[in-house]
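Listed here are the chains, written in short residue letters.
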Amino acid sequence: MVAFGKKLKERQIREWQGYYINYKLMKKKVKHYGQQIQDGTLDRRHVLKDFSRMLDNQIETIVLFLLEQQGLLASRIAKLGERHDALQEQPDISQISELREAYRQVARDLLKLLIFVDVNATGLRKILKKFDKRFGYRFTNYYVKTRANHPYSQLQQVFKHVGIGAVVGAISRNLHELQDRQGSYLSIYDQAALPLQDPVIDSVRAAVDRLTHSTNFLSFLGQHALIVQEDELPTPVEERVDDQRYHFMSLLLNLVNTFLYMVNTYIIVPTADDYSLSLGAAATVCGVVIGAMAVAQVFSSVYFSAWSNKSYFKPLVFSSVVLFAGNTLYAMAYDLNSIWVLLIGRLFCGFGSARAVNRRYISDCVPLRIRMQASAAFVSASALGMACGPALAGLLQTNFKIYKLTFNQDTLPGWVMAIAWLLYLIWLCISFKEPSREDEVIQQESSRTTENDALEKGLKQPLLISSDDKKEDEDGDQDIDESEEAPEETRRPATSIQSAYRLLTPSVKVQLLIYFMLKYAMEILLSESSVITTYYFSWSTSKVAIFLFCLGLTVLPVNILVGSYISNMFEDRQILLASEIVVCIGIVMSFHMFNPYSVVQYVSSGLIMFVSAEVLEGVNLSLLSRVMSSRLSRGTYNGGLLSTEAGTLARVVADATITLAGYLGESKLLNVTLFPSLFICVISIIATCFTYNTLY
């Protein structure tokens, strides 16, 4: 474990060395205080006063240097503005290019300043936590409370960015005006505000958001894709490689694949019990029918992720062919009167799950400047497919035969999806462009400057204390003075599921448990909805489809609310714990404890459970995307694969639970399947409470 003192030394900019928080000195001071209190030579009140004064002096040094550097940046921008004005009179293409690069250099220096604030804020949090742990006194609460809004305190200046915001605005405006605007008579203020397509500005804004803990709907939703990214400033070579690899139609085809697969997953939910009954099986066998797809996906996710190391086109073609075959078998099972053909068809559909390829394509082939938008589109396509699947099933209420083939509400979902995948396959073969692997070699072999290495290290680090930091506090009290780079082996991607699992910290493991829990609870609710509503309320397939469609429609509005408002008002870990508790309340409300079991109880409890699970999933994946090891951002066994496997395994277990509970009779199905959901939910709440202080 690398101690924080070593991390701090590695991330320091040499010429600014005297202005960083003196973490090593303060840690020794805390240790010295402890010894003096034990010996009885020092009073506790004297310790609090002395340590507070030391922190005040450290913060003042940081803030005054921060203000000085902001002034220097403002002065440079003013001088560049004079050059900009001169070029307005006599345009010169070469000088315009030089001026743009000069503005970009100012932005890079601003990024260095933001990392300076990041490092010091992290050091401040860690030393406060170390003090609390050493003396068993909540000094952090006292110090922050007394200095937060006091007119003489400069604590908040570390986290306020009025000056920095002005610098970002000035750089962005000038770069925007210099960006392909020759011959235009329009001012940038005459047009709708468009994001500046410049990686350095994107990196600066991401760093400011990280410092202020602010978020927006786009970034919040994009993080759900769990495309773990190393926030770095790309070199010009990497930018060109990204642009060469990017092909909009190929990205669109990946998103359509994601949408169709989610439609394929949920289109059978309203009719799976009827289909099982028509083939001579029990209605609760629908759990196996629905879950067969998830069982196969557990394995397909791994081989598709590995296949995407070599190609994107071939796995997508294979996926489409297998899904076409699987849906055809699913539809033909009715006329063949075989439950086994039905299950084999669903297994084929699971073996065609290319979500790992879809996610990997965005991670590898989409330029950094639009990667967050692409990730958000990936999540949106999944949510839309989840809502459209049951809705489409509700529309397929007909019954006719062509030759010996039957087309009814049970078989039409299979036939419709088979045709959809066939059309998709044709479109794929015509329009998909395989990215050049030579470009990837260039990208991997392009050298990184020392400056960009420093930026990469700085931007990767979260501001709040992670579980890694907690381990350092507990086990690594000695600072390491060596500043050598970490060995290359520590930066390589994981080579197996086991090695990827070893990279997970305890808090990340808890978050994966939470993900398992919410997927289990949601799958129980969705998969048994047709059986439960038919037994208790005699709902038709259309009513079940409408209910599931309405649940699916809540996904994006809920994420807009959380991403744009709630996450900026409360800490993510607070939302996480609150959402788990509400999920637990929804599960308890769903139990059949009183007669009669009403539609209002079922719908309201299901809505509470589903919406709170959606909130929980959003916040949980948002946290995971920020704290998961950067080594899980690439390779076959990446963070996205781990989350997919956890969620898929939850669905498999949930669907198996429904089928096994069916042997006890439909009257007991609801309560029997809810007990495991409640148990896992309670366990996850307890685990969250134990790791609450280590969550980001």
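Just so you know, these numbers come straight off a predicted model, no measurement behind them.

1. Here's the deal with the overall build of the protein chain
Along its length, the protein chain carries 29 helices and two strands. Within the protein chain, the proportion of its 696 residues that are buried is 55%. Of the contacts made within the protein chain by residues no fewer than 6 positions apart, 85% connect residues no fewer than 24 positions apart.

2. Looking at the nonpolar core
Formed by 121 residues in total, the largest nonpolar core has its most connected members in Leu342, Tyr424, Leu518, Val583, Ile587 and Phe610. Considering each element in turn, this core owes the most residues, 14 residues, to helix H22 (residues 506-527). Contacts of isoleucine 587, omitting those with residues within four sequence positions, involve Ala521, Met609, Leu674, Ser677, Leu678 and Cys681. One finds Phe116, Leu128, Ile201 and Ala207 within the second-largest nonpolar core, a separate group that totals 53 residues.

3. Considerations on the pattern of salt bridges
Applying the stated criterion across every chain, the model contains seven salt bridges. The residue glutamate 617 makes a salt bridge to lysine 519 at a minimum N-O spacing of 3.4 Å. Here the residue glutamate 617 occupies a position in helix H27 (residues 599-627), and lysine 519 occupies one in helix H22, the gap between them amounting to 98 residues. Owing to a relative accessible area of 19%, lysine 519 belongs among the buried residues under this scheme. Via salt bridges that share partners, Arg76, Asp109 and Lys112 belong to a single interconnected network.

4. What to know about unusual backbone geometry
Following asparagine 595, the chain continues into proline 596 via a peptide bond in cis, with omega recorded as -5°. Residue placement: proline 596 occurs in the loop between helix H26 (572-590) and H27. Notably, asparagine 337 is not glycine yet its phi reads approximately 50°, a positive angle. Inspection of the secondary structure assignment puts asparagine 337 in the loop between helix H13 (313-336) and helix H14 (339-351).

5. Some details on empty space enclosed by the protein
The full count for this structure, using the stated rule, is seven cavities of 30 Å³ or more. Considered class by class, the residues forming the lining of the largest cavity number 14 nonpolar, ten polar and seven charged.

6. Looking at a nonpolar patch on the surface
On the surface, Phe324, Ile419, Leu422, Leu423, Ile426 and Ile430 cluster together to form a nonpolar patch covering roughly 590 Å² of accessible area. Ranked by residues supplied to the nonpolar patch, first place goes to helix H17 (residues 412-431) with five residues. Here isoleucine 419 shows up in helix H17.

7. What to know about the packing of aromatic side chains
Following the criterion strictly, the structure yields 30 aromatic pairs and no others. Note on tyrosine 20 and phenylalanine 116: the rings are 4.9 Å apart at their centroids and 65° apart in plane angle, and the pair reads as edge-to-face. Linking tyrosine 20 in the loop between helix H1 (4-11) and helix H2 (23-39) with phenylalanine 116 in helix H4 (residues 93-135), this pair joins segments that are 96 residues apart in sequence. Considered together, tyrosine 20 and phenylalanine 116 belong to a single accessibility category, that of buried residues.

8. Details of H4
Helix length check: H4, at 43 residues, gives a terminal C-alpha distance of 64 Å against a target of 63 Å (1.5 Å per residue), a fit within 8%. For H4, a buried count of 31 out of 43 residues is recorded, marking the element as mostly surrounded by other parts of the structure.

9. Thoughts on the packing of helix H12 (residues 286-307) against helix H28 (residues 639-661)
Relative to each other, H12 and H28 sit at 160°, their axes nearing to 8 Å. The orientation of H12 relative to H28 falls into the category roughly antiparallel. Crossing handedness for the pair H12 and H28: left-handed. Residue-level contacts link Gly287, Val288, Ile290, Gly291, Ala294, Val295, Gln297, Val298, Ser301, Val302 and Ser305 of H12 to Leu641, Thr644, Glu645, Thr648, Leu649, Arg651, Val652, Asp655, Ile658 and Thr659 of H28.

10. Quick notes on the side chain of aspartate 273
As for its position among the elements, aspartate 273 is in helix H11 (residues 272-278). Despite its burial, aspartate 273 pairs with no opposite charge; the closest candidate is arginine 346, at 13 Å N-O. Within the local environment of aspartate 273, its side chain forms a polar contact with the side chain of serine 530, the two groups lying 2.9 Å apart. Leaving out residues up to four positions away in the same chain, aspartate 273 has contacts with Ala283, Cys286, Ser530, Val531 and Thr534.

How each quantity is defined
- Residues numbered from 1 in each chain as written.
- Predicted model: local features only at pLDDT ≥ 70, side-chain atom pairs only at ≥ 80, totals over all residues.
- Heavy atoms only, no water.
- Helix = DSSP H or I, 4+ residues; strand = E, 2+ residues; numbered from the N terminus.
- Buried < 20%, exposed > 50% of the residue type's maximum accessible area, 1.4 Å probe, protein only.
- Contact = heavy atoms within 4.5 Å.
- Core = buried A, V, L, I, M, F, W, Y, C linked by side-chain atoms within 4.5 Å.
- Salt bridge = Lys/Arg side-chain N within 4 Å of Asp/Glu carboxyl O.
- 1 Å grid on protein atoms, 1.4 Å probe; cavity = no way out; pocket = protein on both sides within 12 Å on 5 of 7 lines; lining within 4 Å.
- Points joined across faces, edges and corners; volume = space filled by probe spheres on them.
- Nonpolar A, V, L, I, M, F, W, Y, C, P; charged D, E, K, R; others polar.
- Patch = residues over 30% accessible without salt bridge, like charges linked within 9 Å, V, L, I, M, F, W, Y side chains within 5 Å.
- Areas by Shrake-Rupley, 256 points an atom, 1.4 Å probe, with all protein chains shown as cover.
- Phe/Tyr/Trp six-rings, centres within 6.5 Å; stacked < 30°, edge-to-face > 60°.
- Expected span 1.5 Å × (residues − 1).
- Axes fitted to C-alpha atoms, helices over the stretch in contact; angles between N-to-C directions.
- Parallel < 35°, antiparallel > 145°, perpendicular 65-115°, else oblique.
- Left-handed = near helix turned anticlockwise from the far one by under 90°.
- Lys, Arg positive; Asp, Glu negative; His and termini not counted.
- Polar contact = N/O pair within 3.5 Å; in protein donor to acceptor, adjacent residues only side chain to side chain.

What is shown is where atoms sit, not what they do.
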